[in-house]
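Reading the structure
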Amino acid sequence: MSPTPDLAALYPPFGLRLHAGDLTLRMMRDDDLPEYAELLRRPIFADPDSPEVFPWYRTDPDTRVRQALSFNWRLRAGVSPEEWELPLGIWAGDRMIGCQDIRATRFAERRTVTTGSWLTLDAHGKGYGKLMRQAMLVFAFDHLGAQRAESSAVLGNAPSFAVSHGCGYVDNGTAMGPQPGPGIVEQRFLLTPDRFVRPAVPVEAEGVTEALKELLGAGAV
């Protein structure tokens, strides 16, 4: 009987791993989801009533976990060259501390990615937010051939603004956020490869195979 292939050979995003300092970013497998569920029950925001709080976090913990797991499975099934989103778990050493996502629509044509992230409250203020964004940007610019990276944050979210500016993003106008409920104004940010402030530590990327790049619409890079 031939050996069973590793799941990454069947679904290339599972092979992606980014290492920067003591941080590792990788796609969560089902074995990681119990740890992820516990993370979702912990505080993320210092002020739970702030406009910065994500709508999905405002639900009760059980609903939050159930919806987050369903969302992760749905994203896995929806990855295609036309549209994709990779939610990467963040580990500091062997401890999971948050999530960094990267998404794109028609990447082969637009060469544009959008990123978003969160960390548990006890991981704030340690430089992780900036380093995990920089690791993601190295992947986007150097390995996928992105020409633009976009992000946004609710007005007044000083820590998120600081991460974006620290990576080299420039302000790119404002927009009404897509969240349900009263309108919330968000600041948009834009980064191009020439303005990217690279991390002080090297970023190692594993699993950036031709199969992965083709799946993400970056096969011509």
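Report on the accompanying structure. Since this is a predicted model, take the numbers as computed values, not measurements.

To continue, consider the overall build of the protein. Along the protein, the regular secondary structure elements total seven helices and nine strands. Dimensions of the protein, computed from C-alpha atoms along their principal axes, come out at roughly 55 × 40 × 30 Å. For the protein, with 221 residues in total, the buried portion stands at 48%. A separation of at least 24 residues holds for 63% of the contacts in the protein among residues at least 6 apart in sequence. When the accessible surface of the protein is summed, it comes to about 10,900 Å², and 54% of that surface belongs to carbon and sulfur atoms. Placing the 23 positive and 28 negative side-chain charges of the protein at their respective mean positions leaves the two points 3 Å apart.

By the definition in use, this model includes 12 salt bridges. The salt bridge involving Asp62 is made with Arg41; its shortest N-O contact spans 3.0 Å. With Asp62 in helix 3 (residues 61-78) and Arg41 in the loop between helix 2 (33-40) and helix 3, the pair connects residues that are 21 residues apart, well separated along the chain. When the shortest N-O distance is used, the salt bridge between Asp122 and Arg95 registers 4.0 Å. Taken together, the residues span a long stretch of sequence, with Asp122 in the loop between strand 5 (112-119) and helix 5 (128-144) and Arg95 in strand 4 (residues 95-105) at a distance of 27 residues. Given the relative accessible area of 40%, Asp122 is considered partly exposed. The class of Arg95 is partly exposed, set by a relative accessible area of 34%. Through salt bridges with shared partners, one network takes in Glu38, Arg41 and Asp62.

Looking now at the sheet that holds strand 9 (residues 203-206). The strand order across the open sheet formed by nine strands is 7-8-6-5-4-3-2-1-9, and the pairing between neighbours is mixed. Two strands bound the open sheet, and with one partner strand each, they are strand 7 (170-176) and strand 9. The sheet shows a mean angle of 25° between the axes of neighbouring strands, direction not considered. Bridging between strand 5 and strand 6 (residues 148-154) involves three bridges; their strand directions are parallel. Bridge pairing links Thr114 to Glu150 in strand 6. Sheet strands touched by helix 3: strand 2 (23-27) and strand 3 (83-92). Its angle to strand 3, the strand with the most contacts, is close to 130°.

The biggest cluster of nonpolar side chains holds 47 residues, and the ones touching the most others in it are Leu23, Leu25, Trp84, Leu86 and Val113. The element best represented in this core is helix 5, accounting for 11 residues. Counting 16 residues, the second-largest nonpolar core is a separate cluster that includes Leu33, Leu69, Trp91 and Cys99.

What follows concerns the environment of Arg110. One can find Arg110 in helix 4 (residues 107-110). At a separation of 3.3 Å, a polar atom in the side chain of Arg110 contacts the main-chain carbonyl oxygen of Thr105.

Here we come to the packing of helix 5 against helix 6 (residues 158-167). Between helix 5 and helix 6, whose axes approach to 9 Å, the crossing angle comes to 45°. It follows from the interaxial angle that helix 5 and helix 6 lie oblique. The crossing of helix 5 and helix 6 is right-handed. Mapping the contact onto sequence places Gly129, Lys130, Arg133, Gln134 and Leu137 in helix 5 and Ser160, Val163, Ser164, Gly166 and Cys167 in helix 6.

We now examine the packing of aromatic side chains. Throughout the structure, instances matching the rule amount to five aromatic pairs. Centre to centre, the rings of Tyr36 and Trp118 are 6.3 Å apart; their planes meet at 35°, and the pair counts as tilted. One end of the pair, Tyr36, is in helix 2; the other, Trp118, is in strand 5, with 82 residues separating them in the sequence. What makes Tyr36 buried here is its relative accessible area of 5%. A relative accessible area of 9% means that Trp118 is categorised as buried. Aromatic side chains Trp84 and Phe107 sit 6.2 Å apart centroid to centroid with 55° between the ring planes, which places their arrangement in the tilted category. With Trp84 in strand 3 and Phe107 in helix 4, the pair connects residues that are 23 residues apart, well separated along the chain. No difference in accessibility class separates Trp84 from Phe107, as the two residues are buried. One cation-aromatic arrangement involves Arg26 over Trp91; the distance from NZ or CZ to the ring centre is 4.0 Å.

A few words now on a nonpolar patch on the surface. Residues Leu155, Met176 and Val185 make up a contiguous nonpolar surface patch of about 260 Å² in total accessible area. Note on Val185: relative accessible area 31%, which makes it partly exposed.

What counts as what
- Residues numbered from 1 in each chain as written.
- Predicted model: local features only at pLDDT ≥ 70, side-chain atom pairs only at ≥ 80, totals over all residues.
- Heavy atoms only, no water.
- Helix = DSSP H or I, 4+ residues; strand = E, 2+ residues; numbered from the N terminus.
- Buried < 20%, exposed > 50% of the residue type's maximum accessible area, 1.4 Å probe, protein only.
- Contact = heavy atoms within 4.5 Å.
- Areas by Shrake-Rupley, 256 points an atom, 1.4 Å probe, with all protein chains shown as cover.
- Lys, Arg positive; Asp, Glu negative; His and termini not counted.
- Charge placed at Lys NZ, Arg CZ, Asp CG, Glu CD.
- Salt bridge = Lys/Arg side-chain N within 4 Å of Asp/Glu carboxyl O.
- Pairing = 2+ DSSP bridges.
- Axes fitted to C-alpha atoms, helices over the stretch in contact; angles between N-to-C directions.
- Core = buried A, V, L, I, M, F, W, Y, C linked by side-chain atoms within 4.5 Å.
- Polar contact = N/O pair within 3.5 Å; in protein donor to acceptor, adjacent residues only side chain to side chain.
- Parallel < 35°, antiparallel > 145°, perpendicular 65-115°, else oblique.
- Left-handed = near helix turned anticlockwise from the far one by under 90°.
- Phe/Tyr/Trp six-rings, centres within 6.5 Å; stacked < 30°, edge-to-face > 60°.
- Lys NZ or Arg CZ within 6 Å of the ring centre and 35° of its normal.
- Patch = residues over 30% accessible without salt bridge, like charges linked within 9 Å, V, L, I, M, F, W, Y side chains within 5 Å.

In short, the description is geometric, and any link to function would need to be established separately.
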